[in-house]
Amino acid sequence: DSAATAGPLCSVRVRIKLLLRRASAKCELGNWKGAHADLKRATGFAPSDAAIAAQLRAVCDAARDHGVDLGDRRPALTAASSAALRSAGDAGDGEEHPAAPAAAPLRAAHEVKAEADRAFAAGQPERAIRLYGDALAADAAAEWSGLGSEG
């Protein structure tokens, strides 16, 4: 029963990885605003991470090259509130997303992440974006509902 295995992905590091992978998939589709939003969120988790800052600058540069203004190139050096960082929704990324099925949080987040990785590797960035978002949502739902334990 997948409900028994549902739980948080265990670390902020994994959440950052999910955001970075989803940003990469969005870049492949030319969704600069969505990629920017995911990278800003990842920066909130790790404000001093030079690799994330470099990716954020690269997305800003690519967006500008495509006529999309994302604002300041420099990532924020302070984290947003904990609640905003833990939010797995896509509010503010400039996209419309269908609501996840009610049963989505019961599926283990790590299973959804693995499926998203396979979709991305198979050249299906739209599907990967949706699944990475679902994995973040499942992780947050499990964390907030106390279904799993970290470790």
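Everything below is about the structure shown above.
Residues numbered from 1 in each chain as written. Predicted model: local features only at pLDDT ≥ 70, side-chain atom pairs only at ≥ 80, totals over all residues. Heavy atoms only, no water.

Novice: What is the right way to read the packing of helix H2 (residues 12–28) against helix H3 (residues 32–45) from this model?
Specialist: What describes two packed helices is the angle between their axes and the distance between those same axes. At a closest axis distance of 8 Å, the pairing of H2 and H3 adopts a crossing angle of 165°. As far as their axial angle goes, H3 and H2 are roughly antiparallel. The two elements H2 and H3 meet at a crossing, and its hand is left-handed. Between H2, through Val12, Arg15, Ile16, Leu19, Leu20, Arg22, Ala23, Lys26 and Cys27, and H3, the contact on the second element is made entirely by Trp32, Gly34, Ala35, Asp38, Leu39, Arg41, Ala42 and Phe45. (Axes fitted to C-alpha atoms, helices over the stretch in contact; angles between N-to-C directions. Helix = DSSP H or I, 4+ residues; strand = E, 2+ residues; numbered from the N terminus. Parallel < 35°, antiparallel > 145°, perpendicular 65-115°, else oblique. Left-handed = near helix turned anticlockwise from the far one by under 90°. Contact = heavy atoms within 4.5 Å.)

Novice: Help me out: how do you make sense of H3 in this one?
Specialist: Given 3.6 residues per turn, any residue in an α-helix points the same way as the ones three and four places further on. An ideal rise of 1.5 Å per residue puts 20 Å on 14 residues; H3 measures up with 20 Å between its terminal C-alpha atoms. Within H3, twelve of the 14 residues are buried, which leaves the element mostly enclosed by the surrounding structure. (Expected span 1.5 Å × (residues − 1). Buried < 20%, exposed > 50% of the residue type's maximum accessible area, 1.4 Å probe, protein only.)

Novice: In this structure, what is going on with the environment of alanine 119? I would like to understand it.
Specialist: Turning to its location among the elements, alanine 119 is positioned in helix H6 (residues 109–121). What makes alanine 119 buried here is its relative accessible area of 1%. Beyond its immediate sequence surroundings of up to four residues, alanine 119 is in contact with Gln124, Arg127, Ala128 and Leu131.

Novice: I tried to follow H2 on my own but got confused; where do I start?
Specialist: Here H2 spans 25 Å end to end across 17 residues, near enough to the 24 Å set by a 1.5 Å rise per residue. Taken together, the buried positions of H2 are Val14, Arg15, Ile16, Leu18, Leu19, Arg22, Ala23, Ala25 and Lys26. Following H2 by one or two positions, glycine 30 has its phi on the positive side, about 75°.

Novice: Please explain the environment of aspartate 134 as it appears in this structure.
Specialist: Structurally, the position occupied by aspartate 134 is in helix H7 (residues 125–145). Along the primary structure aspartate 134 and alanine 109 are separated by 25 residues, whereas in three dimensions their C-alpha atoms are 7.8 Å apart.

Novice: Can you walk me through the packing of H2 against H6 in this structure?
Specialist: Here H2 crosses H6 at 30°, and the two axes come no closer than 11 Å. In this view, H2 runs roughly parallel relative to H6, as classed from their interaxial angle. Taken as a pair, H2 and H6 cross one another with a handedness that is left-handed. Where H2 approaches H6, its residues Val14, Lys17, Leu18, Arg21, Ser24, Ala25 and Glu28 are matched on the opposing element by Lys113, Asp117 and Phe120. Its residues assigned to classes, the contact of H2 with H6 shows four nonpolar, one polar and five charged. (Nonpolar A, V, L, I, M, F, W, Y, C, P; charged D, E, K, R; others polar.)

Any functional reading would require information that these geometric values do not contain.
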